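Here is what each chain is made of, one letter per residue.
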Amino acid sequence: MATNNVVMRLACCVVVCAVVLSATTTVRKAEAAVSCGQLTNELMPCLSYIMYGGDTVPQGCCNGVRTIFNTARTTADRQGVCNCIKSSIVGIPYSNFNIVNAAAVPKKCGVNIDYQISPNIDCSRVQ
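Residues numbered from 1 in each chain as written. Predicted model: local features only at pLDDT ≥ 70, side-chain atom pairs only at ≥ 80, totals over all residues. Heavy atoms only, no water.

**Thoughts on the packing of helix α2 (residues 36-43) against helix α4 (residues 59-71)**
Following both chains from N to C, one finds α2 and α4 inclined at 150 degrees, their axes separated by 7 Å at the closest point. Contacts between α2 and α4 involve Leu39, Glu42 and Leu43 from the former and Gly60, Gly64, Val65, Thr67 and Ile68 from the latter. Of the residues assigned to the contact of α2 with α4, the class counts are four nonpolar, three polar and one charged. (Axes fitted to C-alpha atoms, helices over the stretch in contact; angles between N-to-C directions. Helix = DSSP H or I, 4+ residues; strand = E, 2+ residues; numbered from the N terminus. Contact = heavy atoms within 4.5 Å. Nonpolar A, V, L, I, M, F, W, Y, C, P; charged D, E, K, R; others polar.)

What follows is the structure in structure tokens.
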């Protein structure tokens, strides 16, 4: 179970950072950005793909990725999401296999990004 927790946190970091960075709209939503707990819930369906790979990403995972993309609407929201995810994986080991799988999720879910996904992303540079 500890391995699932480690991979889940990595999944959240990589996928959310990718989605957060790609959300470029400047319209502010009335409600606050998604919480760390909500992020975990939205991305839980991504866990099996990130752990084991495969040809397709589960639909529930893609729905969560899109929800995060649509929620993090401002620079402050996107930086907050990025920092939340980064802080949740501090000190947790992960493999290159997990990073590669997590990096593939946004594209396989139809969310296009134009930068390198990395768990070492500098959240202060998120726009």
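**Some words on helix α5 (residues 75-88)**
In an α-helix, one turn spans 3.6 residues; hence positions three or four apart end up facing the same way. Its 14 residues give α5 an end-to-end C-alpha distance of 20 Å, which sits within 8% of 20 Å, the value for a rise of 1.5 Å per residue. Of all the positions in α5, only Asp77, Arg78, Val81, Cys82, Cys84 and Ile85 are classed as buried. Each buried residue of α5 sits inside an arc of 160 degrees when the element is viewed along its axis, so together they form one side. What points out from α5, more than 90 degrees from its buried face, is the exposed set Ala76 and Ser87. (Expected span 1.5 Å × (residues − 1). Buried < 20%, exposed > 50% of the residue type's maximum accessible area, 1.4 Å probe, protein only. Arc of directions from axis to C-beta.)

**Concerning α4**
In this model, α4 (13 residues) spans 18 Å end to end at C-alpha, consistent with the 18 Å of a helix rising 1.5 Å per residue. Within the sequence span of α4, burial applies to Cys61, Cys62, Gly64, Val65, Ile68 and Thr71.

**Quick notes on the state of the cysteines**
Disulfides are covalent bonds that connect the sulfur atoms of two cysteines. Applying the stated rule across the entire model yields three disulfides. At a sulfur-sulfur separation of 2.1 Å, the disulfide partner of Cys62 is Cys109. Torsion about the S-S bond of the Cys62 and Cys109 cystine: about -75 degrees, corresponding to left-handed handedness. Of this pair, Cys62 sits in helix α4 while Cys109 sits in the segment after α6 (96-108); the two residues are 47 residues apart in sequence, bridging distant segments of the chain. (Disulfide = S-S within 2.5 Å.)

**So, the nonpolar core**
Note that soluble globular proteins tend to have their nonpolar side chains buried in a common cluster. Within the largest apolar cluster, 19 residues are counted, with the highest numbers of intra-cluster contacts made by Leu39, Cys46, Ile50, Val57, Cys61, Val65 and Val105. With four residues, the single largest contributor to this core is α4. (Core = buried A, V, L, I, M, F, W, Y, C linked by side-chain atoms within 4.5 Å.)

**Some details on the environment of Val57**
Relative to the elements of secondary structure, Val57 occurs in the loop between α3 (47-52) and α4. According to the relative accessible area criterion, Val57 is buried, its value standing at 10%. Separated by 48 residues in sequence, Val57 and Val105 place their C-alpha atoms 6.7 Å apart. Every residue in contact with Val57, bar those within four places of it in the chain, is listed here: Tyr49, Cys62, Val105, Lys108 and Cys109.

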